[in-house]
Amino acid sequence: RGALRVPEGGLQAPAGEVPLSEDGGYYSDDDQSCDFIDYHAGTEASTCDAEGTSLTTTYGCDCSACICSGYDPPSHTYLHRFALADGFTGTEQVCFERGQGQGEYVILVTDDKYPGNIQWTLEGYVVDGGAHDLRYLDFTTLESKEGCETPGGGAAYLMGGLRAKFYDTTFKRTSAANGNGGAVVVASDFDKMNVTERSAADFTRCTFEDFQADFYGQAVFSSVAQLRLFDSHLAADEGMSLAAGTVFDFGVTSDCQSGCGRGQYGTCEKIDECFSCDIGTCNVCPIGTYRAEPGAVTAGQCVPCPIGTFSGVEGAGQCSTCPLGSYVTLLASDEDGLGTNSGGEACVACPAGRESTESGSVLCQSCTAGASSQEGEACVSCAAGKYAQASGSTECYDCAAGKAVATSGGVECTSCGAGTYSSEGAASCTACAAGTYSPISGSFVCIECAAGKSAAVGEASCTTCSAGTFSNESAAVCTSCSAGTASTGGASACVACGEGSISNQEGSLCSPCEPGTEVDGGECVSCEPGWFNSEQGQSCRACEVGTTSSDARALSCSPCPYAYTTTREGSVECDGCIEGYYRDPTVTDETKCLHCPDNAYCAGDSIPGTTLLPVPRVGFWSNRSDVALVHYIHACPRGDEVCIGGLANASDTEVEAQEVVTLEACWLPENLTSDACTGDEVLCSTGALGPLCGAVKKGEYYWSSLAKALEACPEEASGNQWLTVVLGAVAVVLAAVVYAFRETADGLLTRCAGTWYTTPAGVVSFTFANGRFKVLWTTFSILTSISWTMNIEFPYPFNQFLNFLAFIQLDFLDTISASCIDASLGIYSNIVLITSLIPVALAVFILLAYLVRVAVIGRGTPEKAAARAEASQQHASAFLLLSYLVLPSVSMTQFRGLNCVEFEESGHAYLRVDTSVWCDRESDEYSTLLSVDVPLIIVYQAIPIGWAVLLFRSRRRLNPGYRSEIASRRKRNRDPVLAPLRFLFDDYVCGRWAFDVFDMWRRIALVGLIPFAPLAGRPIIGCGLAALSVVVFQNAEPYHDPATNTLALAAQWQLCITYFLAFALSSGSFKTERSLFTIGVSLLVVNLVIVAVALVMGIAKNREKEMTDDAIFNLRRQLAIEKSHDKAKFDAAWDGLAAADPRAAARVLAGAAELAQRHTTKPVQGKHLKDVTALMAEAAQVERMFHAATEKLILEAGGEFMQGPLKKVERVVEKMENDYDNDHRRVVDIVRDSGVFKTMPSYLVAVEKLLNGDCDLEVVRFKDRLAGGGNGYGYRDLMMNVKLPDSDHVGELQLHLKDIIDIKPASHRVYGLLRAAGWEEDEFEEDEVAADGA
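Residues numbered from 1 in each chain as written. Predicted model: local features only at pLDDT ≥ 70, side-chain atom pairs only at ≥ 80, totals over all residues. Heavy atoms only, no water.

## Quick notes on the nonpolar core
- If you look at the biggest cluster of nonpolar residues, it comprises 51 residues, and the most contacted ones within it are Met-1240, Tyr-1243, Leu-1250, Phe-1262, Leu-1278 and Leu-1295.
- Elements with a contribution of two residues or more to this core: α20 (1073-1140), α21 (1142-1158), α22 (1172-1196), α23 (1209-1219), α24 (1240-1252), β65 (1258-1264), β66 (1278-1283) and β67 (1290-1297).
- For this core, the element with the most residues is α22, which contributes nine residues.
- If we ignore the near neighbours within four places in the chain, the residues touching Phe-1262 are Ala-1152, Leu-1155, Ala-1156, His-1159, Leu-1250, Leu-1278, Met-1279 and Met-1280.
- If you look at the next biggest cluster of nonpolar residues, it comprises 40 residues, including Ile-792, Ile-1010, Ala-1036 and Leu-1055. (Core = buried A, V, L, I, M, F, W, Y, C linked by side-chain atoms within 4.5 Å. Buried < 20%, exposed > 50% of the residue type's maximum accessible area, 1.4 Å probe, protein only. Helix = DSSP H or I, 4+ residues; strand = E, 2+ residues; numbered from the N terminus. Contact = heavy atoms within 4.5 Å.)

## A closer look at the confidence of the model for the chain
- Averaged over the chain, the pLDDT score is 77; the fraction of residues at 70 or greater is 76%.
- Within the model, the stretch residues 1-150 combines pLDDT values under 50 with 320 contacts to residues more than four positions away or in other chains.
- Low pLDDT (under 50) marks residues 1330-1334, which in the prediction has four contacts with non-local residues, meaning those over four places away or in another chain. (pLDDT = per-residue confidence, 0-100.)

## Quick look at the environment of Ala-292
- One can find Ala-292 in the loop between β19 (289-290) and β20 (303-304).
- Setting aside residues no more than four positions away along its own chain, Ala-292 makes contact with Arg-262 and Gly-317.

## Overview of the packing of helix α12 (residues 862-896) against helix α17 (residues 995-1009)
- Contact pair α12 / α17: the axes reach a minimum separation of 9 Å and the direction vectors enclose 30 degrees. With respect to α17, the axis of α12 lies roughly parallel. Seen along the crossing, α12 lies across α17 with a hand that is right-handed. In this structure, α12 contributes Ser-883, Tyr-884, Leu-885, Leu-887, Pro-888, Ser-891, Met-892 and Phe-895 to the contact, and α17 contributes Asp-996, Asp-999, Met-1000, Arg-1003, Ile-1004, Val-1007, Gly-1008 and Leu-1009.
- Here the contact of α12 with α17 is built from residues that sort into 10 nonpolar, three polar and three charged. (Axes fitted to C-alpha atoms, helices over the stretch in contact; angles between N-to-C directions. Parallel < 35°, antiparallel > 145°, perpendicular 65-115°, else oblique. Left-handed = near helix turned anticlockwise from the far one by under 90°. Nonpolar A, V, L, I, M, F, W, Y, C, P; charged D, E, K, R; others polar.)

## Re the sheet that holds β67
- One open sheet accounts for five strands, arranged β63-β64-β67-β66-β65; its pairing is mixed. Of all strands in the sheet, those with a lone pairing partner are β63 (1200-1203) and β65, marking the two edges. Strand after strand, the sheet turns through a mean of 20 degrees between neighbouring axes, direction not considered.
- In the sheet, β66 pairs with β67 via six bridges, with the strands oriented antiparallel. Pairing of Met-1280 across the sheet is with Leu-1293, part of β67.
- Against the sheet, α21 touches β65 and β66, its axis set at about 120 degrees to β65. (Pairing = 2+ DSSP bridges.)

## Some thoughts on the packing of aromatic side chains
- Applying the stated rule across the entire model yields 20 aromatic pairs.
- Measuring from ring centre to ring centre gives 5.9 Å for Phe-773 and Trp-777, while their planes differ by 40 degrees; the resulting arrangement is tilted. With a gap of four residues between them, Phe-773 and Trp-777 both fall in helix α7 (residues 772-790), about one helical turn apart.
- Members of the aromatic cluster, connected to one another through ring pairs, are Tyr-988, Phe-995, Phe-998, Phe-1033 and Tyr-1039.
- Above the plane of the ring of Tyr-884 lies Lys-774, whose end atom (NZ or CZ) is 5.3 Å from the centre.
- In this arrangement the basic side chain of Arg-955 is found over the ring face of Phe-952, its NZ or CZ atom lying 4.0 Å from the centre. (Phe/Tyr/Trp six-rings, centres within 6.5 Å; stacked < 30°, edge-to-face > 60°. Lys NZ or Arg CZ within 6 Å of the ring centre and 35° of its normal.)

## Here we look at the sheet that holds strand β10 (residues 200-204)
- Spatially, β7-β10-β13-β16 is the arrangement adopted by the four strands of the open sheet, whose pairing is parallel. Since the sheet does not close on itself, it has two edges, and those belong to β7 (163-167) and β16 (255-257), each with one partner. The sheet shows a mean angle of 5 degrees between the axes of neighbouring strands, direction not considered.
- By the bridge criterion, five bridges tie β7 to β10 in an arrangement that is parallel.

## Considerations on the pairing of strand β64 (residues 1232-1237)
- Where burial is concerned, most of β64 is hidden: five out of the six residues are buried.
- Judged from the four bridges that link them, β63 and β64 form a sheet pairing that is antiparallel. Across the sheet, the residue bridging to Glu-1200 is Val-1236, located in β64.
- Pairing of β64 with β67, which is carried by six bridges, proceeds in the parallel orientation. Paired with Val-1236 across the bridge in β67 is His-1296.

## Concerning α22
- Along its 25 residues, α22 runs 34 Å from first to last C-alpha, staying within 8% of the 36 Å computed at 1.5 Å per residue.
- Along α22, the sharpest kink reaches roughly 45 degrees, centred on Glu-1183.
- One side-chain oxygen of the residue at the start of α22 lies 3.2 Å from the amide nitrogen of Thr-1173, identifying that residue as Asp-1171.
- Backbone geometry just after α22 places Gly-1198 at a positive phi near 95 degrees. (Expected span 1.5 Å × (residues − 1). Bend = angle between axes of the 7 residues up to and from the residue. Polar contact = N/O pair within 3.5 Å; in protein donor to acceptor, adjacent residues only side chain to side chain.)

## Digging into the state of the cysteines
- Summed over all chains, the structure comprises 24 disulfides.
- Disulfide pairing is shown between Cys-322 and Cys-347; the S-S distance is 1.7 Å. Given an S-S torsion of about 80 degrees, the disulfide between Cys-322 and Cys-347 has right-handed geometry. Within this pair, whereas Cys-322 is found in the loop between β22 (320-321) and β23 (326-329), its partner Cys-347 is found in strand β24 (residues 346-349), the two being separated by 25 residues in sequence.
- Under the relative-accessibility criterion, Cys-322 is labelled buried at 1%.
- For Cys-347, a relative accessible area of 27% gives the class partly exposed.
- Note on cysteine connectivity: Cys-367 is disulfide-linked to Cys-379, with sulfurs 1.9 Å apart. The S-S bond linking Cys-367 to Cys-379 shows a torsion near -80 degrees; that makes this disulfide left-handed. Taken together, the residues span a long stretch of sequence, with Cys-367 in the loop between β26 (365-366) and β27 (371-372) and Cys-379 in the loop between β27 and β28 (380-381) at a distance of 12 residues.
- Since its relative accessible area comes to 1%, Cys-367 is described here as buried.
- Between Cys-1023, a cysteine without a disulfide, and Cys-1056, which holds the nearest cysteine sulfur, the sulfur-to-sulfur distance is 5.7 Å.
- Under the relative-accessibility criterion, Cys-1023 is labelled buried at 15%. (Disulfide = S-S within 2.5 Å.)

## Side note on the pattern of salt bridges
- Scanning the entire structure with this criterion turns up 21 salt bridges.
- In this structure, Lys-774 and Asp-987 form a salt bridge, with 3.7 Å as the shortest nitrogen-oxygen distance. One end of the pair, Lys-774, is in helix α7; the other, Asp-987, is in the loop between α16 (982-985) and α17, with 213 residues separating them in the sequence. For the pair shown, Lys-774 and Asp-987 are each scored as buried.
- Here Arg-1211 and Glu-1214 are joined by a salt bridge, their closest N and O atoms 3.7 Å apart. Taken together, the residues Arg-1211 and Glu-1214, both in helix α23 and three residues apart, mark about one turn of the helix. (Salt bridge = Lys/Arg side-chain N within 4 Å of Asp/Glu carboxyl O.)

## Quick look at the packing of helix α13 (residues 924-953) against α17
- Taken N-terminus to C-terminus, the directions of α13 and α17 make an angle of 165 degrees; their axes are 9 Å apart at the nearest point. For the element pair α13 / α17, the angle class is roughly antiparallel. Judged by the twist between their axes, the crossing of α13 over α17 is left-handed. Listed contacts from α17 to Gln-941, Pro-944, Ile-945, Trp-947, Ala-948 and Leu-951 of α13 are Asp-996, Val-997, Met-1000, Trp-1001 and Ile-1004.
- A breakdown of the residues in the contact of α13 with α17 according to their chemical character gives nine nonpolar, one polar and one charged.

## Section: α21
- Given a rise of 1.5 Å per residue, 17 residues ought to cover 24 Å, and the 24 Å separating the end C-alpha atoms of α21 matches this to within 8%.
- Residues of α21 that are buried include every one of Ala-1144, Ala-1145, Val-1148, Gly-1151, Ala-1152, Leu-1155 and Ala-1156, and no others. For α21, the arc enclosing every buried residue in end-on projection is 135 degrees, short of the 170-degree limit, so these residues lie on one face. In α21, the exposed positions that point more than 90 degrees away from the buried face belong to Pro-1142, Arg-1143 and Gln-1157. (Arc of directions from axis to C-beta.)

Below is the structure:
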């Protein structure tokens, strides 16, 4: 279908033509129609379609301006011809459609009768490759053509030498399905290749839009034809690009031009070998180019002007020739005379100094040397007295004063010789008068001789008066000095000799003393060593500090080598060290300066008369036991609280020499080990002593680990200290008791205080319940130990936060400052012993309280037994809580007794926690410590091993193995055997029953074992263990409470971040107060925010878990109720069978029990079966005999035989892989049968036959599923694995009771649901079985 847009008013038939009627006549005016006329099918003129469909009705086409032409086309062609009706200016739409025949239809807007300015847009779609023929040609051409032979041409098809011209036409939405030329086809017969006979089509100001062809030429197809596009545009539809083949040429190349005239080019795009141009759009050729022909499509067709020509305006159709005296260039402002060979834009006059001798020049030649020119003029030679030295001169110049030239065309002027001169433009040079001179050639004036000199006529220089003579200005001769005076050469007067100088023998010259000497008694004498003189006539000076001169008559002093200096002025050797270095005290015969150690200050020889050793800064300690060791500087574990250093009123980073050292004499090598200069007095604060100031004066001072400070003991032991001991012990015991009786205490407080208690208690309960107390206690106890383990001091305010939490370490002796009560309590072996025995005493107290309590409870009744069990559970929980709390801190105290600090310089080691203890077998105190500490470590480290043993022995009770974690925990929590151990496992999921053991050893490793690693490696080990903990907690999720798991994982990140920043601090990367404060604040925020965020996230997770748990509980309860109903049905069926013959039922039960006791061997197939294939083959071989033997047994006993199918190999493989660890020999039910018995007596016969061996089967294993009321669902049967006497192949036989097996299908639904959920083996609790409201 297509649509032809025509000007408003439509198109009408040309004047004088009458349309044809159906019978070959002409239509009358009343019969005019725009329908397509099918002459052969005889369709009515009232329809637009051969099928009788109105185009107006179906497609909304307006045919009011369409009439049928009177032209009679060929018999197979549908012809409609349109012409412009007079007076119409609008646009309407007409429709047409192809008929059913194989011919073509032609749309003509044609002949010479319609106006030449008509415009139209043809929109069409050709379904079968037929052609629209849109022509502007004479009718006779059409009549001579028998239709269109080649399919194609969505809008126009030209063939057979036709020549058409299209003006201002738009081809829109045209296509040729199964054909060429989406808009136009122009073709010639191949047998008419003469140019004059070719078809031709000219398109002027035409537009092609939205076109497509299935074959060649998406827009236009040209075959051996002349296609011309003038100022025409090809445009793709939206989303479509102009692909290759848009304009297809075959045999003849298309001629595509813009509509632009000379000196212009169109805005065009190259498409294939053609160009698509924006209609009516032209661009002018740029300056310097021209276009002689119209129709240019690219800027490249604007040709640059050839050599010697130019175009000075845009849009030039030709270029102009440049005249004589000028040249072609690119810029009108060009002044260099160098033009261009192509694309000239301007003709410019040659600049001054250049000339052109012919028209069309592109280069102005430079004037030769000795000539010049003005702008646009020829070159002229220079006149006499003038010169032009270079080629290209713009003018000739006068010779400068002092030079001259006598001929014309001069290139340069000759300079006057020395002793002569000339003025500007002179032709010759004049000799200088007497008393004057000209020293150089080219002089323009003669100079008068200065005083002390003289000259004759024509001299080039003045002669200097000799020593002993003098002269005034312009003197002809020099005058001799009078007696008693002297002069040097060139003197204007004679003078007396000055101080520091002496006269020569002639008395005509005064001479100063040479450098390195000075005047002494009228003579010049040498400077002494240590002194120098670098100038004549000067006195000798002493060498400055830091420089020396070792020889006499020195001209200068030499600086000392780096690090060395002198102790005074005038030194002959470098006998001192600069600040930052110190003299090696072990070298006495020379001065050897060594670099000051880190964390120490070395004054060098900056203090006159002294040479000080390295002085440690605050927080550091040096080994003063020997001068050879004093340069070893160590960081003090207790920091600047005890190590005061040796500097007075000086910062750690900058020291002034005048405020350098306290007890100055103590830092001289000779006084290092004197009694008046002990290390404790010099380096330690009052009360501190020993290496690293790591010990205290016991009984007078104590180190408070809570305050991280050295405190003085009170004058007398305070009763409050003992009270603190007692209250502390009572508090621990009370805490354990409250924890053990927490449910009772919680109920009592709730009743007494109401919401005043329950609201804060609820918050506290959530914070510390379900293992969160353990997580928080563990995390903060590790945090408080990091300072010690890493041997660093955290910055403020995080250090204050850790001090606040120090009570977690449960260091009772430190809390009460025990060493102040008794000095012996400060001995570390006693500290270890007492710290280890206090928990033992508390444990004994808990045990005694338990014994008293159970004695009061008594025995004899179930109530008393329950009370005794409850007491056992409570006191066991208290004991486990005590061990959980104290084990890490006690272990840390014990391990500190083995942690020694070794000094590499001496090889000695001292106890880090008390450096007064020498870590050596020769030390009695250390030997005593080992004898106490090692056994106690063994005892305490056995505690988690004991936990592990207790838990391992009850592992099956701790993890019942139910698919439901909730069911497993409910089962575990109600197990009375596990009650005493509940503290260890209650917070964990069943599969993580031993996690407390792992966590305890993790704590011990972090707080007690890391200090044994090298100091540099401790932060890395701490980070590694913390990172490992993150992985373990993230993957294990050990706690049953989601909030606790979230908090535990967050706590591991706390530790990981803290260890990492401890590593950063230990590296020394942060030194400024601001950076340290930032780290301190960051650590505090991280450790508080992580806990808070984790608790908030945990609340949300717990809410989700509670909803899920409630839904699971309701489902389990409903299934449990259904299960109990099914069990009741099975029990009733069994009771009915047993009641019918009680004696037979009793004998069946007894026989089944005996068979189960006899046959307990786990069945397995023969070893000769190498694989599943062999197993299946053997099963198939014995199947028939197996069925026969089982059938005989069942039928003889009066039962019904049910033969089972041979199990398929796929099911065998699946069972082998999923249930039997890929062991095919454990699959023993490939061959299987069943027997069903209606009465108990017949059931008894089968059982007794099996008992007596009265059958052709051997029982391998027997399962009595009648005993105990059957399985958990109440179902009862007997199942056994049997084999034939002469075969090793094991099969399966089941014996059922009919009344019971008949119920099984109805109850299997509940079993299937339980099995799908993984609960088929679970034991349901009472509250799960009870119905709502029960």
